[in-house]
Every structure is written in C-alpha cells, then in structure tokens.
Amino acid sequence: MRLKRVLLLAAILSLAASIGIPSAAAAAPYEAYTYDYYGDSSPLPAPYVPDAAITGESLGVGDFKEPSDMYVAPDKTTYILDSGNARIIVLDPELRVDRVIKTFTNNGRKDGFAAPQGLFVSDKNELYVADTDHGRVVVLSEQGELIRIIADPKSDILPADFKFVPLKVTVDAADRVFVIARGVFEGIMQFDDKNSFMGYVGTINVSPSVWDRLWKSLSTKAQKAQMQLFIPTEFSNADIDPKGFVYATAIDIASDTPIRRLNPSGDDVLKRLGYWPVKGDIRFRMFGNNSGPSKFTDIKVLGGGMYAALDANRARLFTYNDEGDLLYAFGGRGNQLGVFNTPVAVEQIGDRLAVLDSGKKNIVLFRPTAFGTLVRRATTEHYNGNDDVAVQLWSDVLRLNTNYEIAYLGIGKSLLMQKNNEKAMEYFKLGMSRKNFSIAYKRYRREVLKEQFGTVMTVVLTLVIAFIAYRVARLVNRRRAVKREAGLS
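Values in this document were obtained by computation on a predicted structure and should not be read as measured data.

On a plain count of helices and strands, the protein comes out with nine helices and 27 strands. Put simply, the protein has 489 residues, and 47% of those count as buried. Taking as baseline every contact in the protein between residues at least 6 positions apart, the subset at least 24 positions apart corresponds to 46%. Of the roughly 26,200 Å² of accessible surface on the protein, a fraction of 53% belongs to carbon and sulfur atoms.

Roughly 600 Å³ of volume is contained in the largest pocket. Along the walls of the largest pocket sit 28 residues, with Tyr 71, Pro 74, Asp 123, Ile 240 and Lys 300 positioned nearest its centre. Broken down by element, the residue count for the lining of the largest pocket peaks at four residues, all from strand S21 (residues 296-303). Broken down by class, the residue content of the lining of the largest pocket amounts to 13 nonpolar, five polar and 10 charged. The wall of the second largest pocket is formed by 22 residues, among which Leu 273, Glu 323, His 382, Lys 413 and Asn 436 lie closest to the centre. In terms of residues, the lining of the second largest pocket owes the most to one element, helix H9 (residues 434-488), which gives five residues.

Scanning the entire structure with this criterion turns up 23 salt bridges. Between Asp 325 and Lys 413 there is a salt bridge, with its nearest N and O atoms 3.1 Å apart. Here the residue Asp 325 occupies a position in the loop between strand S23 (316-320) and strand S24 (326-331), and Lys 413 occupies one in helix H7 (residues 405-417), the gap between them amounting to 88 residues. Lys 413 shares its class with Asp 325; the two are buried. Here Glu 426 ties to Lys 423 by a salt bridge, and the two come within 3.6 Å at their closest N and O atoms. Here Lys 423 and Glu 426 lie together in helix H8 (residues 421-430), a separation of three residues that amounts to about one turn.

Strands in a sheet are paired, the pairing made by backbone hydrogen bonds, and the direction either parallel or antiparallel. In spatial order, the strands read S3-S27-S26-S25; together these four strands make up an open sheet with antiparallel pairing. A strand with exactly one partner marks an edge of an open sheet, and here the two such strands are strand S3 (48-55) and strand S25 (343-349). Neighbour-to-neighbour, the strand axes of the sheet open up by a mean angle of 25 degrees, direction not taken into account. Of the strand pairs in this sheet, S25 and strand S26 (residues 352-357) are connected by six bridges, and their pairing is antiparallel. If you follow Ile 349 over to S26, its bridge partner there is Arg 352.

Counted by the stated rule, this structure contains 20 aromatic pairs. With 5.8 Å between their ring centres and 25 degrees between their planes, Tyr 48 and Phe 330 make a pair best called stacked. Here Tyr 48, found in strand S3, pairs with Phe 330, found in strand S24; they are 282 residues apart in sequence, far enough to count as distant. With a centroid separation of 6.1 Å and 80 degrees between ring planes, the pair formed by Phe 296 and Phe 318 is classed as edge-to-face.

On a regular strand, each side chain points to the face opposite its neighbour's, so the side chains alternate between the two faces of the sheet. By the criterion of burial, strand S6 (residues 87-91) is predominantly enclosed, with five of the five residues buried. Bridge analysis of strand S5 (residues 78-82) against S6 gives five bridges, and the strand direction is antiparallel. Bridging across to S6, Asp 82 finds its partner in Arg 87. Hairpin connection from S5 to S6: four residues lie between these consecutive antiparallel strands, with Ala 86 at a positive phi of about 50 degrees. Bridge count between S6 and strand S7 (residues 97-101): four bridges; the pairing is antiparallel. Within S7, the residue paired with Ile 89 across the bridge is Val 100. As consecutive antiparallel partners, S6 and S7 are separated by five residues, and within that stretch Leu 95 has a phi angle of approximately 60 degrees, a positive value.

The strand order across the open sheet formed by four strands is S4-S5-S6-S7, and the pairing between neighbours is antiparallel. Of all the strands in the sheet, just strand S4 (69-72) and S7 have a single pairing partner and so form its edges. When the angles between neighbouring strand axes are averaged without regard to direction, this sheet yields 15 degrees.

Right, let's talk about a positive patch on the surface for a bit. Residues Lys 419, Lys 442, Arg 443, Arg 445, Arg 446 and Lys 450 make up a contiguous surface patch of positive charge. Looking at the element boundaries, Arg 443 is found in helix H9.

The description of two helices packed together rests on the angle between their axes and the distance between the axes. Orientation of helix H5 (residues 370-383) relative to helix H6 (residues 387-400), taken along the N-to-C sense of each, is 155 degrees, at an axis distance of 8 Å. With respect to H6, the element H5 is oriented roughly antiparallel. Here H5 and H6 pass one another in a crossing that is left-handed. The segment H5 lies against H6, with Ala 370, Phe 371, Leu 374, Val 375, Arg 377, Ala 378, Thr 379, Glu 381 and His 382 engaging Asp 387, Val 389, Ala 390, Leu 393, Trp 394, Asp 396, Val 397 and Leu 400. Along the lines of polarity and charge, the residues of the contact of H5 with H6 split into 11 nonpolar, two polar and four charged.

Parameters at a glance
- Residues numbered from 1 in each chain as written.
- Predicted model: local features only at pLDDT ≥ 70, side-chain atom pairs only at ≥ 80, totals over all residues.
- Heavy atoms only, no water.
- Helix = DSSP H or I, 4+ residues; strand = E, 2+ residues; numbered from the N terminus.
- Buried < 20%, exposed > 50% of the residue type's maximum accessible area, 1.4 Å probe, protein only.
- Contact = heavy atoms within 4.5 Å.
- Areas by Shrake-Rupley, 256 points an atom, 1.4 Å probe, with all protein chains shown as cover.
- 1 Å grid on protein atoms, 1.4 Å probe; cavity = no way out; pocket = protein on both sides within 12 Å on 5 of 7 lines; lining within 4 Å.
- Points joined across faces, edges and corners; volume = space filled by probe spheres on them.
- Nonpolar A, V, L, I, M, F, W, Y, C, P; charged D, E, K, R; others polar.
- Salt bridge = Lys/Arg side-chain N within 4 Å of Asp/Glu carboxyl O.
- Pairing = 2+ DSSP bridges.
- Axes fitted to C-alpha atoms, helices over the stretch in contact; angles between N-to-C directions.
- Phe/Tyr/Trp six-rings, centres within 6.5 Å; stacked < 30°, edge-to-face > 60°.
- Patch = residues over 30% accessible without salt bridge, like charges linked within 9 Å, V, L, I, M, F, W, Y side chains within 5 Å.
- Lys, Arg positive; Asp, Glu negative; His and termini not counted.
- Charge placed at Lys NZ, Arg CZ, Asp CG, Glu CD.
- Parallel < 35°, antiparallel > 145°, perpendicular 65-115°, else oblique.
- Left-handed = near helix turned anticlockwise from the far one by under 90°.

Next comes the structure, spelled out in structure tokens:
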C-alpha cells in the first residue's frame with residue numbers, strides 16, 4: 001500500500017511538472033517545416049518564437065491605423081509607416097519613440113503625406129517615402145527636412161497620360177531610386193540622383209499557355225479587348241543587398257519565379273539550385289480556405305546569403321539560402337501572439353525578426369531558437385567560405401533534427417569545398433542530392449585515378465614487359481627446337 005502511494009505521488013508530481021513547464025514547441029503557436037526531396041512537408045523545430053508585440057498604444061503615440069511598411073536602418077533605428085494616420089514613427093535601438101514625422105517644410109509651406117505605402121532609409125540615413133496619394137516620392141534628411149521630391153516623371157517611353165502612383169521604394173549606394181508603381185507592368189521604375197527617370201528594370205513577361213493562345217485565337221475582337229492574358233506581372237515589393245542587387249517580389253500565381261534578384265542590368269540572377277522552385281509553398285489546396293499558391297508581398301535580405309519572403313496568402317515567412325534551398329517556413333493566421341492577420345512587412349533587428357501586421361495594428365518581434373541560430377550560423381559560415389566551422393555547426397543542427405536534409409547538404413557542400421569528395425558523397429546521398437553526388441563522384445573518381453596512376457602504370461608496364469619477354473623466350477625456344485630437329489635429320 002505504501003509503495004502504491006509513493007508511485008501515485010510521483011505520477012502526480014510528474015504530471016504537474018509537465019503542465020507547469022511548457023515545452024519549446026508549445027512556445028510557438030505554429031508549425032515550422034521545409035520540403036523534402038519528395039515534395040512532402042518535413043516538420044522542423046521552430047526557428048523563431050514570438051517574443052513581444054508592439055502597438056501604437058504601448059509606444060504612447062496612439063493606435064496605428066492601417067500601417068503599411070517598416071524599415072530598420074543599419075544603426076537599428078526603426079521607421080514605422082503609419083499610413084492611415086499619415087505619419088512616420090521613429091524608434092531608437094531600444095524600441096522607444098524617438099520622434100514622429102507628420103509634416104515637413106516644402107518651399108516655405110507646411111506639407112505632409114497622403115496614404116503613403118512604402119519607405120526606405122539609405123546608407124546616408126536619408127528617408128525615402130512613397131507618398132502614394134500625392135503621386136510622389138519624398139526624400140527627407142535624418143532630421144526630417146525636405147531634400148528633394150521625385151514626381152511627374154517625363155520620358156518618351158511613358159504614355160502621355162501616365163499617372164505616377166508610387167507604392168514601394170528602394171535605393172542603392174549610388175542613390176539610384178527604384179520605385180514600384182501602381183499600374184506599371186513594364187518593370188521597376190528607376191530614377192537617378194537628379195530625379196530623372198532612367199527606365200525600367202526587371203520586366204516580368206507572362207508566358208501564355210497553349211490553351212490561352214487557342215482561346216484568344218477563337219475570341220471575338222470585343223473579347224480580346226477584355227483579355228489580360230499577356231500583360232506582364234506587377235512587382236509587389238523590393239529590397240537591396242550590400243552588393244547592390246535588388247531582390248524583388250511579384251504576385252503571379254502562375255509563375256515559378258515570384259522572387260527575383262536583379263543585377264544592375266536588370267537580369268534575374270537568383271540561384272535556384274534547391275529541390276523545388278523558390279516560390280513558397282509547393283503543395284497547397286486548390287479550393288477553400290488557405291488555397292492557392294503563395295503571394296509574396298515583402299522580402300528582406302538577412303545577410304549570409306539568406307533572405308526571407310513574406311507570404312500574405314497564408315501569413316507565413318519563407319527563408320532561403322543563396323542557392324535557393326528552403327531553410328524553413330513558419331507562421332500562420334490566428335489571434336495568438338506570433339500568428340498574423342494581415343502581415344505587410346518583415347524586417348530584421350539584430351538577431352530578431354519583426355513583422356508588421358496591418359490587421360492587428362502591431363509589430364511582432366521574434367527571437368531565434370537554438371535551432372534557428374545554428375542554421376543561420378552554419379549557412380553564413382558556408383557562404384563566407386569557412387567550411388571547417390560550417391561542418392561542425394551543421395553537425396550540431398543534426399543533433400536537434402536528424403531528418404533535416406538541408407544539414408546533410410550543407411555538410412556535403414562544405415566537404416566538397418574542402419576537396420573531401422569521398423565523405424561528401426555520403427552526405428549528398430543522405431541529403432538526396434543526385435546532382436551534387438554526381439559532382440562529388442566525378443571528382444572522387446578523378447582523385448583516385450590520379451593517386452593510383454603511378455601504381456597502375458607500373459603494373460601495366462610490368463605486365464607488358466613480362467608478356468614481351470614471354471613471347472621472346474617462346475620464339476627463341478621454338479628456333480632452338482627447329483635447329484635440333486634439323487641436326488638430327
């Protein structure tokens with residue numbers, strides 16, 4: 001009886017401990033995953049967990065109203081574009097309100113914004129605002145003083161009735177301004193530091209299917225006039241990396257390339273070497289709730305070759321490495337902290353991620369977990385060429401999740417860079433990468449042949465010499481035998 005009581009008490013204490021101490025998985029109100037070689041979603045430990053939510057009320061500036069964009073400058077100053085209130089809230093690195101920009105002086109008069117949709121802060125700490133309803137891009141100094149205004153662009157390639165409606169803006173180190181404008185399908189508009197329109201970059205052309213072409217050939221003139229089958233796709237957002245490459249997203253449900261990396265010439269140079277296209281979810285419902293492909297509305301370059309794209313369709317974040325491998329995806333819709341209503345922007349503050357949710361009128365901060373930190377460090381070390389360190393870090397990742405194929409690929413690629421081809425073959429096999437396995441196998445075969453060339457040639461020459469000696473000796477013996485027979489006769 002006494003033993004039963006002890007066992008019962010131990011069971012109660014164990015149950016209480018399990019209830020009182022939540023697991024790491026319970027800290028995240030969503031499931032993280034990636035896609036394996038077969039296209040199945042593979043569950044992962046959460047790379048990030050929600051840390052806190054910031055609202056206009058908690059900042060002491062009143063509720064946000066339809067916030068539309070956010071940007072974190074290199075000095076960790078955060079700029080929040082509160083579109084409905086036509087203001088910009090500036091937070092210091094400690095996420096405390098530093099100032100609020102609502103007006104500026106324009107030619108001696110007070111001026112302001114009208115439903116602005118996008119903002120960007122250059123390396124010079126100049127603030128670029130897509131003042132949408134005013135049809136202009138406003139450039140302000142760090143103190144909020146007007147520097148210049150980009151408006152009413154003129155060019156022979158623009159229609160006579162063209163209306164400039166900027167939505168998003170990005171700037172490179174040479175002060176070239178890239179503007180995504182409403183109704184512009186030719187690409188991203190580019191302006192120089194003198195406000196002159198330079199042309200378009202990154203045009204996305206639609207490739208109609210055979211059915212589309214057949215349907216159009218059978219349509220009447222009136223039906224053809226209503227068709228928009230061959231209109232290029234509009235960009236939705238953009239960011240820029242330290243090398244000056246523009247990462248841009250487009251909402252095109254029929255495309256396998258909704259994310260592009262544009263070089264200065266406007267060519268797409270994004271690497272897509274992973275199992276699947278860089279397009280967010282590979283498998284999804286065709287009808288009902290949460291149906292259809294991912295629709296990216298923002299993108300953030302994270303460094304170390306990584307970038308994160310925000311899917312507005314299912315309110316998820318997809319993070320890729322520089323080769324197009326999906327490292328992880330997480331997020332979703334709901335009322336809990338860490339899931340979203342209408343996410344519109346993603347930024348990075350130190351090692352944390354920040355997502356602006358227009359529907360909930362808040363900013364959710366996410367802190368990395370041990371798994372997320374290791375994956376990021378391993379990816380960054382491999383990107384920087386520190387393969388010895390990367391192998392160890394990927395090995396640590398596998399201790400947390402032995403089914404993470406990206407870790408096997410990471411180790412294999414690092415070993416390949418170290419010219420350890422035989423070992424790389426083993427990890428590429430575990431990572432289900434036939435292409436990389438073939439590369440490692442060819443190099444290993446060449447390496448073995450090179451190492452064994454001397455031995456092989458020595459054996460071959462020895463065999464050839466022995467064969468020749470044998471034939472010579474046999475010929476000599478035959479001649480002697482013939483002479484002996486002749487002498488006897």
